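Residue strings, one per chain:
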Amino acid sequence: MSMTNDKIAIIGLGYVGLPLAVEFGKKIDTIGFDLNKKRISDLRKLIDLTLEVKSENIKKSKFLKFTSKVDDLKLCNRYIITVPTPVDKKNKPDLSFLIKATEFVAKVISKNDIVIYESTVYPGATEEICVKIIERKTDLKINLDFFCGYSPERINPGDQKHTITNIKKVTSGSNEKTSKIVDNLYKKIIKAGTFRAKS
């Protein structure tokens, strides 16, 4: 068990989520969650078919566990959502993965937990869609019972030079205190430092 109160869940283990889970898992209790059971089975065998993370790097994450069971997320208090947000044939954003991931979090979130979004969304989507889903499905209210953060993903698939640990990360939160917590969380793994946006 790591020496921190942070227990992180990474929701979505694609080219953004897996490297993030691996780096956090080297220092903090982390659960990597994905609905794809074959993906979870491969990762438990230290196999990443996307070739984003090498087997030896996954092996170094001694605090990381992989799961496809939503109930396992109840152990966490920091949820980082990294699911894809593709566009449809009309170039409109498809938020179905984001909505589903937020609904998963709503099933397990507790008071004072923080939900951080890394999925690429249009301005206002986090507040107008995601926060409302959590409030509607729980008795929790934003900035009273739970909190939100945002840190846009800045990873290029296949780029082994500009990886998660050596890029500059932008962070923010739903209030000043949360903003500081989110920023400090990422500083645990980002060597190049972070930039905290105003709340």
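Because the structure is a prediction, the values reported are computed rather than measured.

(A) Representation of the side chain of Ser172 within the structure. Tracing the backbone through its elements, the reader meets Ser172 in strand 7 (residues 169–173). In this structure Ser172 comes out as buried when scored by relative accessible area, which is 17%. Discounting residues that sit within four places of it in the chain, Ser172 has contacts with Gly149, Tyr150, Ser179, Val182 and Ala197.

(B) Looking closely at the pattern of salt bridges. By the definition in use, this model includes eight salt bridges. The residue Lys7 makes a salt bridge to Asp29 at a minimum N-O spacing of 3.3 Å. Taken as a pair, Lys7 in strand 1 (residues 7–11) and Asp29 in strand 2 (residues 29–33) lie far apart in primary sequence, 22 residues in all. You can call Lys7 partly exposed: its relative accessible area is 25%. The partner of Lys74 in a salt bridge is Asp71, and the shortest N-O contact between them spans 3.8 Å.

(C) Structural context of the nonpolar core. Grouped together as the largest cluster of nonpolar side chains are 28 residues, with contacts concentrated most on Leu73, Tyr79, Ile81 and Val115. At the level of secondary structure, the elements contributing two or more residues to this core comprise strand 1, strand 2, strand 4 (78–81), helix 4 (96–108), strand 5 (114–117) and helix 5 (125–137). Looking at which element gives the most residues to this core, the answer is helix 4, with six residues. The residues contacting Leu73, other than those within four sequence positions of it, are Ala9, Ile11, Ile31, Phe33, Tyr79 and Val108. If you look at the next biggest cluster of nonpolar residues, it comprises 24 residues, including Leu18, Phe66, Leu185 and Ile189.

Quick notes on the rules
Residues numbered from 1 in each chain as written. Predicted model: local features only at pLDDT ≥ 70, side-chain atom pairs only at ≥ 80, totals over all residues. Heavy atoms only, no water. Helix = DSSP H or I, 4+ residues; strand = E, 2+ residues; numbered from the N terminus. Buried < 20%, exposed > 50% of the residue type's maximum accessible area, 1.4 Å probe, protein only. Contact = heavy atoms within 4.5 Å. Salt bridge = Lys/Arg side-chain N within 4 Å of Asp/Glu carboxyl O. Core = buried A, V, L, I, M, F, W, Y, C linked by side-chain atoms within 4.5 Å.

These results come straight from atomic positions and should not be treated as a statement about function.
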